[in-house]
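# Per-entry structural report
Letter by letter, the chains look like this.
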Amino acid sequence: MDNYILILLVVGALLLFVTLASGWISRLPLSYALIYLIIGIILGPYGIQLIKIRPDAEFLERLTEFVVIVSLFSCGLKMYRPLNALAWKSTIRLIGFLMPISIFALALVDRWLLGLNFGAAVLLGAILAPTDPVLASEVQIQDPEDEDELRFGLTSEGGLNDALAFPFVYFGLYWIKDENWQNWFKNWVAVDLIWATAAGIVMGILVAKAVVWLDKRLEQSNLDSMDELMEDFIALSIIFLTYSLTELVNGYGFLAVFVAGIVTQRSYRDPERPYAQLEFIERIEKLLEVGTILILGTILRFEPVVYYLPQSLLIAGLLFFVIRPLGAWISTIGDRFVTRRFLFGWFGIRGVGSLYYLFYAFGNGLKGELAEQIAWITLTTVALSVILHGITTTPIMNWYERQIEKRMAKLAPYLKIK
């Protein structure tokens, strides 16, 4: 029988299972991503060998790229807070302090413990430092009225650091190609650090406002003949137009798409429109998550995983248990809610964003034994994150909700209006 038909059968059964059992699964100490990873391994070379094809790096780069931009727009649509420093204080701390700490701490570990050259060390640090907006949905904002600081901080961090890690990825790639940094450093600062970031912000604002303005004008005119079933495709058009136009002007498309999500959410007078778009995009995001993590499970190979396992465990262990928690603790100094500071450190989930940066590096000069080393450390670290965070997310978040209730109960007498 054709393997394609069998794959459709397995995926269909998987989707039916996770849908019908979603209420039961949500109460268990495991995530959907962990289920998909296990099924992917079972379908792969070390299971029933239903999926034997190993996709090339370019296909995987495009797949993960698409998954990330959809997820970043979804994160942007969830940002309901006012655009001021006080409202976004957690985000500023996590992006301004924690991400650089993570990148350079990982780079030092890579340099001194793994023996990588400085460029490769920074590249691996930039690949693994960003938290994932795709696999971290369980700890992100769940609805427009969710004001929880932990969920907001993790959602906004996931939306921004997948974009803002790009300059450091370029830095590492430039250094690998040319160790004489004086040949390219000025260009890196001017183009990859300043221009690309500014262009991403500006394009995210302009494209989203233009599309929403056109949508609203058409709705107000007598020419509005848009099928209601097609309305949510406006969200996809904003994603594609924003990303492509930003990339055409050498800006960061990831950043632009996240900004576009924020602008879109604030540009409609009817709050139901962006909320409907969010629901539509989240469904696409969930479906893409299934395919991406299944593929991750099928491409894992026993021999290279074992060969690089000591290095992978060293990096993953330091990242999950030392670098991220310590960096989060330093970055959130002043926050009196100790539980939240601890959880900012623990929920540093690695996933599709790291995979994208890895495959992007493959297409931009990373090759040979160094590429193999960085690849298997990254793939193993992501797999370990899926397992470790997948098992702990549900019980820890349930515990966190109980802590919030206790905290609010203690503060209740002081919050009463006299």
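An account of the accompanying structure is given in this report.

Reading guide: rules and limits
- Residues numbered from 1 in each chain as written.
- Predicted model: local features only at pLDDT ≥ 70, side-chain atom pairs only at ≥ 80, totals over all residues.
- Heavy atoms only, no water.
- Helix = DSSP H or I, 4+ residues; strand = E, 2+ residues; numbered from the N terminus.
- Rg over C-alpha atoms; globule rule 2.2 N^0.38 Å.
- Buried < 20%, exposed > 50% of the residue type's maximum accessible area, 1.4 Å probe, protein only.
- Contact = heavy atoms within 4.5 Å.
- Areas by Shrake-Rupley, 256 points an atom, 1.4 Å probe, with all protein chains shown as cover.
- Axes fitted to C-alpha atoms, helices over the stretch in contact; angles between N-to-C directions.
- Left-handed = near helix turned anticlockwise from the far one by under 90°.
- Nonpolar A, V, L, I, M, F, W, Y, C, P; charged D, E, K, R; others polar.
- Phe/Tyr/Trp six-rings, centres within 6.5 Å; stacked < 30°, edge-to-face > 60°.
- Lys, Arg positive; Asp, Glu negative; His and termini not counted.
- Salt bridge = Lys/Arg side-chain N within 4 Å of Asp/Glu carboxyl O.
- Polar contact = N/O pair within 3.5 Å; in protein donor to acceptor, adjacent residues only side chain to side chain.
- Patch = residues over 30% accessible without salt bridge, like charges linked within 9 Å, V, L, I, M, F, W, Y side chains within 5 Å.
- 1 Å grid on protein atoms, 1.4 Å probe; cavity = no way out; pocket = protein on both sides within 12 Å on 5 of 7 lines; lining within 4 Å.
- Points joined across faces, edges and corners; volume = space filled by probe spheres on them.

Glancing now at the overall build of the chain. When helices and strands are counted, the chain shows 17 helices and zero strands. In summary, the chain has a C-alpha radius of gyration of 22 Å against a globular reference of 22 Å for 418 residues, a match within 12%. Reported as C-alpha extents along the three principal axes, the dimensions of the chain are approximately 60 × 60 × 50 Å. The buried share of the chain, reckoned over its 418 residues, is 53%. Considering only residue pairs separated by 6 or more positions, the chain has 82% of its internal contacts joining residues 24 or more positions apart. Total accessible area on the chain is roughly 19,700 Å²; 66% of this is exposed by carbon and sulfur atoms.

Contact geometry for helix α4 (residues 57-77) and helix α16 (residues 352-362): axes closest at 8 Å, N-to-C directions at 145°. Seen along the crossing, α4 lies across α16 with a hand that is left-handed. In this structure, α4 uses A57, L60, E61, T64, E65, V67 and V68 to contact α16, whose residues at the interface are V352, G353, L355, Y356, F359, Y360 and F362. Its residues assigned to classes, the contact of α4 with α16 comprises ten nonpolar, two polar and two charged.

Time to look at the packing of aromatic side chains. Here the structure, examined in full by the defined rule, presents 31 aromatic pairs. Taken together, a centroid distance of 5.0 Å and an interplanar angle of 85° make the contact between F166 and Y357 edge-to-face. Residue F166 is located in helix α8 (residues 166-177), and its partner Y357 is located in helix α16; the two are separated by 191 residues in the primary sequence. Accessibility assignment for this pair places F166 and Y357 in one class, buried.

Okay, the side chain of R301 next. Residue position: R301 is located in the loop between α12 (272-299) and α13 (302-307). For R301, which is buried and forms no salt bridge, the nearest opposite charge comes from E303, at a distance of 6.7 Å. Among the polar contacts made by the side chain of R301, one reaches the main-chain carbonyl oxygen of I299 at a distance of 3.3 Å.

Time to look at a nonpolar patch on the surface. Judged by side-chain polarity, V191, W195, L241, L245, L248 and V249 come together as a nonpolar surface patch covering roughly 520 Å² of accessible area. Listed by contribution, the elements that provide at least two residues to the nonpolar patch are α9 (185-220) and α10 (233-248). Examined against the element boundaries, V191 turns out to sit in helix α9. Since its relative accessible area comes to 31%, V191 is described here as partly exposed.

The next point concerns the layout of surface pockets. In this structure, the largest pocket encloses a volume near 840 Å³. Forming the boundary of the largest pocket are 31 residues, of which Y32, S137, E138, Q142 and K286 lie nearest the centre. When contributions to the lining of the largest pocket are tallied by element, the ones reaching two or more residues are α1 (3-20), α2 (22-25), α3 (32-43), α12 and α17 (368-415). Among the elements that take part in the lining of the largest pocket, α12 stands out by supplying nine residues, more than any other.

The values reported here are purely geometric and, on their own, carry no functional implication.
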